[in-house]
Amino acid sequence: MKEKTVINGPVYDARTLGTPRMLILGLQHMFAMFGATVLVPLLTGLDIATTLLFAGLGTLLFHVLTKRKVPAFLGSSFAFIGGYNAIRTIGTDASGHPIYNNDLLVYACFGVACAGLMYVILSALFKAFGVKKVMKFFPPIVTGPIIISIGLILSSSAINNCNKNWIVAAAAIIIVVCFNIIPILLGVLGSYLISMLIDPASRTAVAEKVAEAKIVGLPIVWENSVFHLFNMNVDTGMLLSAIFTIVPLSLATMVEHIGDICAISSTVGKNYVADPGLHRTLLGDGLATTLAALFGAPANTTYGENTGVLALSKVYDPRVIRIAACFAIIFSFCPKFAALITAMPTATIGGISLILYGMISAVGVRNVVENKVDFTNSRNVIVAALILVLAIGINYSIGSIQIGIVSLSGLAVASLVGIIVNAILPGKDYEFGVDEQGDTSVNFIVR
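What counts, and at which threshold
Residues numbered from 1 in each chain as written. Predicted model: local features only at pLDDT ≥ 70, side-chain atom pairs only at ≥ 80, totals over all residues. Heavy atoms only, no water. Helix = DSSP H or I, 4+ residues; strand = E, 2+ residues; numbered from the N terminus. Rg over C-alpha atoms; globule rule 2.2 N^0.38 Å. Buried < 20%, exposed > 50% of the residue type's maximum accessible area, 1.4 Å probe, protein only. Contact = heavy atoms within 4.5 Å. Areas by Shrake-Rupley, 256 points an atom, 1.4 Å probe, with all protein chains shown as cover. Lys, Arg positive; Asp, Glu negative; His and termini not counted. Charge placed at Lys NZ, Arg CZ, Asp CG, Glu CD. Pairing = 2+ DSSP bridges. pLDDT = per-residue confidence, 0-100. Patch = residues over 30% accessible without salt bridge, like charges linked within 9 Å, V, L, I, M, F, W, Y side chains within 5 Å. Salt bridge = Lys/Arg side-chain N within 4 Å of Asp/Glu carboxyl O. Expected span 1.5 Å × (residues − 1). Axes fitted to C-alpha atoms, helices over the stretch in contact; angles between N-to-C directions. Nonpolar A, V, L, I, M, F, W, Y, C, P; charged D, E, K, R; others polar. Parallel < 35°, antiparallel > 145°, perpendicular 65-115°, else oblique. Left-handed = near helix turned anticlockwise from the far one by under 90°. Disulfide = S-S within 2.5 Å.

Chemist: Pulling in residues and values, what's your account of the overall build of the protein chain?
Modeler: Within the protein chain, the secondary structure is distributed over 19 helices and eight strands. The globule rule puts the C-alpha radius of gyration for 447 residues at 22 Å, and the 21 Å found for the protein chain is close to it. Overall size of the protein chain, expressed as C-alpha extent along the three principal axes, is 60 × 60 × 45 Å. Here the protein chain, with 447 residues, has 55% of them falling under the buried criterion. Within the protein chain, contacts between residues at least 6 apart in sequence are counted, and of these 81% link residues at least 24 apart. Accessible surface for the protein chain amounts to roughly 18,400 Å². Of this, 66% is attributable to carbon and sulfur atoms. The centroid of the 27 positive side-chain charges in the protein chain is displaced by 9 Å from the centroid of its 23 negative side-chain charges.

And the structure:
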C-alpha cells in the first residue's frame, strides 16, 4: 500500500485502495454520521428520508464549492433543535409537557433557510475583510452562554421522553457512555433491542410500521417543504417569528463550522482555512443548509464524527466522503428503512437526547473556559448574565415575547441582546486566531 508522510504520520493514498475498499470506507463514513443525523428529525418531527437525501446532496454541494479539497461530511445540526421546537410548540398539556403542531415546521424550515443565508453573508465578509475583523463581533462571551442556554432549554424534553420507560432510556445512556466509537448509533441500536425484548407492544408497533412502508419511494414530502407555503394562507407573523427565533442560532453553528474546519485541517495536515478558504467552506455549508431547509430537511453542519473516522482510517481522500454521501442518498429512497427508524421507542430518544442536550450545554462551558473569558471583568458578567437569564427565564415563564405580529423566543431575545450589549460595552478583548484551542472549542458532537 502506497504511503505518504505528513505531520500526522503515515497516510494511505485512497487511489491505491481499489473500488471495494473505497466502498467499504464510504459505508464506514455513512454509519459514523448516521445515528446523529437521523436523531435530529426524530427530535423535531422532520422527515427521515428527506434528511438522509439532503445530507448526501448537501455534502456533494459542499465538495463542489470547496473545489473538492475538503474531506468533510455534512449531517444534521443539533444546534437548531430548540428553534424547531419553539416554533412548533402551541402550548402545554395538563402535566406541563409541550404540545407540538408539526404543521408549523414549514415556518421553522423557512427560518433555517434564512439562517443558511447568514453563512453566505459571513462568507462574503470573510472574503472582504478577513476572519479576525469579523469574528470580533462573535466572541465566546456571546456564543458560549447561547450554547449553554440551548442545552438547558431542551433538557425538559429529554426527561419527558425518558419518563416513558426509564429502563430503556438508561440502557441508551449506559451504552453511549461506555462506547466512544459511533456512540449514538450503538446507543440507539442497543436500547432499541432491549425495548423489543422487554416490551411486546414495541415489537408489534415496529412490525406494523415496517410492513406498511413501501420498499422504494420518493424521499421528498411536498407538504413539508417551504414551497408548500405558497399553497397556504401564510401567517406573516409566524414567518417573522421563525426568522428572529432561528437565525440567531447560526451564530453558534458558524463558530462550530470554523472549529470543525480547523479540526479537519489538523487531522489531515493541510490548511483548509487558507485553501480553499473559510469563505468557501462557509458558503458550501450555508447553501447546503438553505437547500435542505427549503425541502423540509434539518440544517446541515460539518460532522466531527467523520473527522474521527479520518483519523482512524488514515485515508483523507475526499472521494471517500462523496461515496458516503451517495450511500446516504440511496438509503433515502427506502421507506421501510425510514419506518424502522421512525418506530424507535420514545424512551430510546429520551436517553440519547438526555446526554446530547447536556453535551450541548457542556460545549458552551468549554467554549468559555478554553477561551479564558475573564469573569472578574464586570462587562463579561453582564453579557453572560443577560443571555442566560433571558433565554431560560423567558422560555420557562412566558414562552416568548410578543412584539406586534412577531413572537420572539427566549433564545432569540437573548442572542440579540447579547450581541448588542457586547458591541456597546467597552473592553472587547477577543481576537480570533490567537488561541487555536479556543477557536476550535465549539463542536456539537458526542464522542
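Chemist: Give me the pairing of strand β4 (residues 89–92): which residues, what numbers.
Modeler: Looking at chain direction, β4 and strand β5 (residues 98–100) are connected through three bridges and run antiparallel. The residue bridging T89 from the neighbouring strand is Y100, located in β5. Between β4 and the antiparallel strand that follows it, β5, lie five residues; G96 among them carries a positive phi value of about 90°.

Chemist: Quick rundown of the confidence of the model for the protein chain? Include the residues and the values.
Modeler: Of all residues in the protein chain, 92% attain a pLDDT of 70 or more, and the chain-wide mean is 84. Looking over the protein chain, one finds the lowest element-wise mean pLDDT in strand β1 (residues 3–6), namely 38, and the highest in helix α2 (residues 48–65), namely 96. The low-confidence segment residues 1–9, where pLDDT is below 50, has 23 contacts with residues more than four positions distant or belonging to other chains.

Chemist: Kindly report on a nonpolar patch on the surface, identifying the contributing residues and their values.
Modeler: A contiguous nonpolar surface patch, about 530 Å² in accessible area, is contributed by L240, F244, I405, L416, I420 and I424. Where the nonpolar patch is concerned, the elements lending two or more residues are α10 (236–246) and α18 (410–424). Broken down by element, the residue count for the nonpolar patch peaks at three residues, all from α18. Within the secondary structure layout, L416 lies in helix α18. Exposure remark for L416: the relative accessible area of 32% places this residue in the partly exposed category.

Chemist: Quick one: what's the story with helix α4 (residues 105–129), residue by residue and with numbers?
Modeler: In a regular helix each residue adds 1.5 Å, so 25 residues correspond to 36 Å; α4 covers 36 Å between its end C-alpha atoms and thus fits that length. G130 sits one or two positions beyond α4 and adopts a positive phi of about 95°.

Chemist: Describe the environment of P248, naming the residues involved and giving the relevant values.
Modeler: By secondary structure assignment, the location of P248 is in the loop between α10 and α11 (250–268). A relative accessible area of 9% means that P248 is categorised as buried. If sequence neighbours within four positions are ignored, P248 has contacts with I243, A412 and S415.

Chemist: So what about unusual backbone geometry? Which residues, and what values?
Modeler: Each neighbour pair has its own omega, and for D275 with P276 the value is 15°, a cis peptide bond. Among the secondary structure elements, P276 is positioned in helix α12 (residues 273–294). In the Ramachandran plot, K67 falls in the positive-phi region, its phi being about 60° despite a non-glycine side chain. Positive phi is not limited to glycine here, since R68 has a value of about 60°. Within the secondary structure, R68 is located in the loop between α2 and β3 (74–76). The class for R68 is exposed, based on a relative accessible area of 57%.

Chemist: Can you explain the pattern of salt bridges? Please cite residues and give values.
Modeler: Taken as a whole and assessed by the stated rule, the structure comprises three salt bridges. With a closest N to O distance of 2.9 Å, D275 and K69 form a salt bridge. Taken together, the residues span a long stretch of sequence, with D275 in helix α12 and K69 in the loop between α2 and β3 at a distance of 206 residues. The class for D275 is partly exposed, based on a relative accessible area of 38%.

Chemist: How would you explain the packing of α2 against helix α15 (residues 335–342) if you had to name every residue and give the values?
Modeler: The packing of two helices is summarised by the inter-axis angle and the distance between the axes. At their nearest, the axes of α2 and α15 sit 9 Å apart, and the two run at 115° to each other. The segment α2 lies against α15, with I48, A49 and L52 engaging F337, A338, I341 and T342. Partitioned by chemical class, the residues of the contact of α2 with α15 number six nonpolar, one polar and no charged.

Chemist: If you had to explain the side chain of T245 to someone new, which residues and values would you point to?
Modeler: If you trace the backbone, T245 turns up in helix α10. Its relative accessible area of 4% is what places T245 among the buried residues. Excluding residues within four positions of it along the chain, T245 makes contact with G83, A86, I87, S407, S409 and A412.

Chemist: Break down the environment of V381 for me, citing the residues and quoting the values.
Modeler: Within the element layout of this structure, V381 appears in helix α17 (residues 378–397). Judged by its relative accessible area of 36%, V381 is partly exposed. Considered as a pair, V381 and I141 are 240 residues apart in the sequence and their alpha carbons are 8.7 Å apart.

Chemist: Lay out the packing of helix α6 (residues 140–162) against α18 in plain terms, naming residues and giving numbers.
Modeler: As a packed pair, α6 and α18 sit with axes 10 Å apart at the nearest point and diverge in direction by 165°. Compared by their axis directions, α6 and α18 come out roughly antiparallel. In this structure, α6 meets α18 at a crossing whose hand is right-handed. The residues of α18 that touch α6, namely those facing I141, V142, I146, S149, I150 and I153, are L411, S415, G418, I419 and N422.

Chemist: So what's going on with the state of the cysteines? Residues and values would help.
Modeler: Here a disulfide denotes a covalent bond joining the sulfur atom of one cysteine to the sulfur atom of another. According to the stated counting rule, one finds zero disulfides in the structure shown. Take C109: it sits in no disulfide, and the sulfur closest to it among the cysteines is that of C114, at 11 Å. For C109, a relative accessible area of 0% translates into the label buried. Not engaged in a disulfide, the cysteine C334 finds its nearest cysteine sulfur in C326; these two sulfurs lie 17 Å apart.

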